[in-house]
Protein chains: 2
Amino acid sequence: MKINPQKSNPPRRTLKARRLKTITVALGKRSYPIYIGAGVRNSAGKILKRLRLPKQTVIVTDTIVARLYLDDVRRSLVEAGFSVLAIVIPQGESQKNLRRADAIYTELLRNRIGRKVTIIALGGGVVGDLAGFIAATYQRGVNFVQIPTTLLAQVDSSVGGKVGINHPLGKNMIGAFYQPLCVIADTETLQTLSERERVCGLGEVIKYGIILDAKFFDHVQKDLADIIAMQPAAIARVAARCCELKAYVVSRDEKEENLRAILNFGHTVGHALEQAGHFRSLKHGEAVLLGMIAETFLAHRLKMIAEADLRRIEDIITAVSLPRSFGFVFSVRKLIDTMRSDKKSLGGKIHFVLPQKIGKITLPMPVNEETVADALRYLNQFVKGL
Amino acid sequence: MKINPQKSNPPRRTLKARRLKTITVALGKRSYPIYIGAGVRNSAGKILKRLRLPKQTVIVTDTIVARLYLDDVRRSLVEAGFSVLAIVIPQGESQKNLRRADAIYTELLRNRIGRKVTIIALGGGVVGDLAGFIAATYQRGVNFVQIPTTLLAQVDSSVGGKVGINHPLGKNMIGAFYQPLCVIADTETLQTLSERERVCGLGEVIKYGIILDAKFFDHVQKDLADIIAMQPAAIARVAARCCELKAYVVSRDEKEENLRAILNFGHTVGHALEQAGHFRSLKHGEAVLLGMIAETFLAHRLKMIAEADLRRIEDIITAVSLPRSFGFVFSVRKLIDTMRSDKKSLGGKIHFVLPQKIGKITLPMPVNEETVADALRYLNQFVKGL
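A quick note: this is a predicted structure, and the numbers were derived from the prediction, not measured. (Residues numbered from 1 in each chain as written. Chains lettered and ligands numbered in written order. Predicted model: local features only at pLDDT ≥ 70, side-chain atom pairs only at ≥ 80, totals over all residues. Heavy atoms only, no water.)

**Some points on the interface of chain B and chain A**
Residue-level contacts link 32 residues of chain B with 32 residues of chain A. Both faces considered, chain B and chain A share a buried interface measuring about 3100 Å² in area, 59% of it formed by carbon and sulfur atoms. Across the chain B-chain A interface, the total number found is 2 salt bridges. Across the salt bridge formed by Glu256(A) and Arg115(B), the nearest N and O atoms sit 3.7 Å from each other. Along the contact surface separating chain B from chain A lie 8 residue pairs in polar contact (both at pLDDT 80 or more). Elements that contribute at least two residues to the side of chain B that touches chain A include exactly α3 (98–110), α4 (125–137), β7 (162–167), β8 (170–177) and α13 (332–340) of chain B. (Contact = heavy atoms within 4.5 Å. Buried area = accessible area lost by both parts, 1.4 Å probe. Salt bridge = Lys/Arg side-chain N within 4 Å of Asp/Glu carboxyl O. Polar contact = N/O pair within 3.5 Å; in protein donor to acceptor, adjacent residues only side chain to side chain. Helix = DSSP H or I, 4+ residues; strand = E, 2+ residues; numbered from the N terminus.)

**What to know about the pairing of strand β2 (residues 32–38) of chain A**
Side-chain positions along a regular strand alternate between the two faces of the sheet. Burial runs high along β2(A): 7 of the 7 residues are buried. The alternating pattern of β2(A) places Tyr32(A), Ile34(A), Ile36(A) and Ala38(A) and Pro33(A), Tyr35(A) and Gly37(A) on opposite faces, both of which are buried. (Buried < 20%, exposed > 50% of the residue type's maximum accessible area, 1.4 Å probe, protein only.)

**Overview of the domain arrangement of chain A**
All names here are of chain A. According to the domain assignment, chain A consists of domain 1 (2–192) and domain 2 (201–229 + 265–384). For domain 1 and domain 2, the distance between their C-alpha centroids amounts to 28 Å. Listed by partner, the interface residues are 12 residues for domain 1 and 15 residues for domain 2. By the criterion of area lost to domain 2, the three top residues of domain 1 are Leu-152, Val-155 and Lys-171, representing 43% of everything that side buries. Connecting domain 1 to domain 2 are 1 salt bridge. One salt bridge connects Glu-274 with Lys-171, and the closest N-O pair in it is separated by 3.2 Å. Sorting the residues of the side of domain 1 that touches domain 2 by element identifies α5 (151–157) and β8 (170–177) as the ones contributing at least two each. For the side of domain 1 that touches domain 2, the class distribution of residues is 6 nonpolar, 3 polar and 3 charged. (Domains from an automatic or database assignment. Nonpolar A, V, L, I, M, F, W, Y, C, P; charged D, E, K, R; others polar.)

**A short note on helix α4 (residues 125–137) of chain A**
All names here are of chain A. In a regular helix each residue adds 1.5 Å, so 13 residues correspond to 18 Å; α4 covers 18 Å between its end C-alpha atoms and thus fits that length. Within α4, 13 of the 13 residues are buried, which leaves it mostly tucked inside the rest of the structure. Immediately beyond the C-terminal end of α4, within one or two residues, lies Gln-139, with a positive phi of roughly 50°. (Expected span 1.5 Å × (residues − 1).)

**What about the packing of α3(B) against α4(B)?**
Residue and element names in this part refer to chain B. The geometry of α3 relative to α4 is characterised by a closest axis approach of 10 Å and an angle of 55° between their N-to-C directions. Taken together, the axes of α3 and α4 lie oblique to each other. Here α3 and α4 pass one another in a crossing that is right-handed. Contacts from Arg-100, Ala-101, Ile-104, Tyr-105 and Leu-108 in α3 reach Leu-130, Phe-133, Ile-134 and Thr-137 in α4. Along the lines of polarity and charge, the residues of the contact of α3 with α4 split into 7 nonpolar, 1 polar and 1 charged. (Axes fitted to C-alpha atoms, helices over the stretch in contact; angles between N-to-C directions. Parallel < 35°, antiparallel > 145°, perpendicular 65-115°, else oblique. Left-handed = near helix turned anticlockwise from the far one by under 90°.)

**Things to note about the packing of aromatic side chains**
Per the stated rule, a full pass over the model turns up 8 aromatic pairs over all chains. On the numbers, 3.9 Å between centres and 10° between planes, the contact of Phe297(B) with Tyr378(B) is stacked. You can see Phe297(B) sitting in helix α11 (residues 284–301) and its partner Tyr378(B) sitting in helix α14 (residues 369–384), a full 81 residues away along the chain. Judged by centre distance (4.6 Å) and plane angle (40°), the rings of Phe326(B) and Phe330(B) are tilted. With a relative accessible area of 6%, Phe326(B) lands in the buried category. Judged by relative accessible area, which is 16%, Phe330(B) ranks as buried. Seen from the ring of Tyr208(A), Lys207(A) lies directly overhead, with NZ or CZ sitting 5.2 Å from the centre. Lying over the aromatic face of Phe82(B), Lys55(B) brings its terminal NZ or CZ to 5.8 Å of the ring centre. (Phe/Tyr/Trp six-rings, centres within 6.5 Å; stacked < 30°, edge-to-face > 60°. Lys NZ or Arg CZ within 6 Å of the ring centre and 35° of its normal.)

**Topic: the relation of the copies chain B and chain A**
Superposing chain B onto chain A takes a rotation of 180° combined with a translation of 0.0 Å along the rotation axis, leaving an RMSD of 0.0 Å. A rotation of that kind, with that shift, is consistent with a two-fold axis. Distance from the rotation axis, computed per C-alpha, reaches its smallest value in chain B at Leu98(B): 4.1 Å. Taken as a fraction of all interface residues of chain B, those also at the interface in chain A reach 100%, which identifies the copy contact as same-surface. (Least-squares fit on C-alpha atoms with pLDDT ≥ 70 in both.)

**Considerations on the environment of Val183(A)**
Residue and element names in this part refer to chain A. In this fold, Val-183 is placed in strand β9 (residues 182–186). Classification of Val-183 as buried rests on a relative accessible area of 0%. In sequence terms Val-183 and Val-60 are 123 residues apart; their C-alpha atoms lie 15 Å from each other. Not counting residues up to four positions away in its chain, the partners in contact with Val-183 are Tyr-32, Pro-33, Ile-34, Tyr-35, Gln-146, Pro-148 and Ser-158.

**Structural notes on the pairing of strand β4 (residues 83–89) of chain A**
Residue and element names in this part refer to chain A. Summarising the sheet, strand β3 (residues 56–62) and β4 pair through 7 bridges and their orientation is parallel. The residue bridging Thr-61 from the neighbouring strand is Val-88, located in β4. Chirality of the crossover, the property in question, places the unit of β3, helix α2 (residues 63–79) and β4 among those that are right-handed. (Pairing = 2+ DSSP bridges. Right-handed = clockwise from strand over helix to strand, strands pointing away.)

**Here we look at the state of the cysteines**
Residues and elements named next belong to chain A. Per the stated rule, a full pass over the model turns up 0 disulfides over all chains. Lacking any disulfide linkage, Cys-200 is separated from the closest cysteine sulfur, that of Cys-242, by 14 Å. In this structure Cys-243 is not part of a disulfide, and its nearest cysteine sulfur, from Cys-242, lies 7.1 Å away. Looking at Cys-243, the relative accessible area reads 1%, which means it is buried. (Disulfide = S-S within 2.5 Å.)

**Quick notes on the packing of α11(B) against helix α12 (residues 307–320) of chain B**
Residues and elements named next belong to chain B. Close contact between α11 and α12 brings their axes to 10 Å; oriented N to C, the two are set at 170°. Looking at the two axes, α11 sits roughly antiparallel to α12. In contact with Leu-289, Met-292, Ile-293, Thr-296, Phe-297 and His-300 of α11, α12 contributes Glu-307, Leu-310, Ile-313, Glu-314, Ile-317 and Val-320. Residues belonging to the contact of α11 with α12 are distributed by class as follows: 8 nonpolar, 2 polar and 2 charged.

**Concerning unusual backbone geometry**
Backbone geometry places Met230(A), a non-glycine residue, at a positive phi of 55°. Topologically, Met230(A) is positioned in the loop between α8 (224–228) and α9 (232–252). Positive phi values are uncommon outside glycine, yet Gln139(B) reaches one of about 55°. As for its placement among the helices and strands, Gln139(B) is situated in the loop between α4 and β6 (143–148). Looking at Gln139(B), the relative accessible area reads 1%, which means it is buried.

**Some details on the pattern of salt bridges**
Summed over all chains, the structure comprises 54 salt bridges over all chains. Asp72(A) serves as the salt-bridge partner of Arg75(A), at 3.6 Å between the closest nitrogen and oxygen. Of the two residues, Arg75(A) and Asp72(A) both sit in helix α2, 3 residues apart, roughly one turn of that helix. Using a relative accessible area of 15% as the deciding quantity, one classes Asp72(A) as buried. Between Glu204(B) and Lys207(B) there is a salt bridge whose closest N-O contact spans 2.8 Å. Taken together, the residues span about one helical turn, with Glu204(B) and Lys207(B) both in helix α6 (residues 195–212) at a distance of 3 residues. Comparing Glu204(B) with Lys207(B) shows no difference in burial state: the two are buried. Each of Arg41(A), Asp72(A), Arg75(A), Asp186(A) and Glu188(A) takes part in salt bridges that share partners, so that together they form one network.

See the structure below:
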């Protein structure tokens, strides 16, 4: 799990990105590299050419990201000899649905896009999940490349092959495990993130520390000001380490049969909160920050984690920033109902991965609903007290 | 590629099916058995239990098949301790769309069906493709079992993992490669097929002879009366051999990177015909029968196959029965346009696998559109002359 910054690395002269790091997600035949560096979006064409991908590419992106980075990526691809069709969708989680997917299938077919195509997701988690689902299902699966432009997507959603869309009755209920051929993570794109989007990514960063790496947690705590400011060197280090940790987990358990479930820390409560707000009130990362507070309290209530660790976790999350309200009427009963139908629930029992100390977490375990209700009430009070 | 009728075979006492054959589709970790026999539907519960599948099952079937076989399969599952949710859809290719898929996702979610479920397709190719697509995408993929009840599904579509739905702009344009955990092919269910459905399956049977096995072609020609009558012993032999041939091809090329393309013989023209009739005028198997005539003529026109073989192929197809009209206005130009946007077209060129003699076929090769037009005109005349 060491960083090999030079191994199988493109020479600096051809790939102009500075401080480029390459991390490999080891999945046998389906292994793939993650390129992390400032400006690496401008090398997308060269990277795809080196992978010998077919001439035709389709960039799926949203209106905001298109304005900022579509021209750069398109130019890089065209200069390397690729054809580019750009499909630009509105921004927001509400786009991650079957109707939008259908519209994209239609656009691909109208443009007579065949099987020999690479679908490139340029954007945040929504674009990555949606474009990945299209890549997984268009003509039974075509090439897929991720160019994540948000911190959340760079440290989490672009790595590991989870793709999918939402259903009115549940988040990510329709989807697949479908690995990209490479991930191109340009840290320059993080400079243009809104504060709210930075916060979302930092939630996942903190999560990695809590579930897997106490030393990394300490480092994030110490460097927090630089990291929150997206200071280039600081954020590149953090993004690379998060990718390594995620790659480590995914390599050992691609399809979430055991270990991978630890990545869901904060997500059981988090998904329920997102759904309660109809995916509009809270962003995914905000919901996860809130979810981690509730789930750490749950672990503490079950005497699994010390109060000191609970406080450290609460403090760092509060320092990153938390929404001061949920944006919807907080109903413990409804949230529990949602969790019960979550795809992580097993035999109708709500399961959680619970931190035992910073850097160590359990596999999924059932928790009785009264205790979950306590944790939700605690979270509600916590947010009110901010 | 030998039949091993006893190997890893359930003992006759527990599985009551008579003359049970087991064929294995060899795909490494994802290998799976095909059980072929009269009455084997009544052993579905025992088979699933032996595979240690989770308690919850969902049977997807259509109204016609439900009336005939749903009770048998449900009883078998319940007796073996499974819970059963049945989702019954209208019959017909027009159901294989995104709207129907969405309705099924909704029904699964409303019933709080989690990840630990087995989706069972009970029916013909439409039900298998649609239920398989649901299994491949519900909660990122759940267990899948096929119980094909038509000859076409038993000899072709239930084996090999191609699942998917149609798009208004093209057949099977949305889908995945997703292997079942087992296939349970009950030859008793073939007795209730309409003549039209028998014909459809026989098209694929003849196809296997042409592309892979001259001896099998001879056998089918000789036994044709019994086979057309679905005489139990005759049809069981034929179904088993077809499954073996398909398993052989799929094991060597699961994702259609080379060899598997030979299974598309008759399908390039066939799909275009189906689409021209909006998937209503012609059934898939009828379209393939017609497509094989056009594509064999094409091979003959390119001096790749002898006239004698062309006649033998035409004769057996005509003996099986061909529709006497297309059911839509036959436009050579429109059919060619459709083939050009077929997912089997490469770089805008229409490709065909072409028989060189009975039992031997090429890999996909481009054919110029004028020659394709000739073959379509020939087919049109051929049908008029019936």
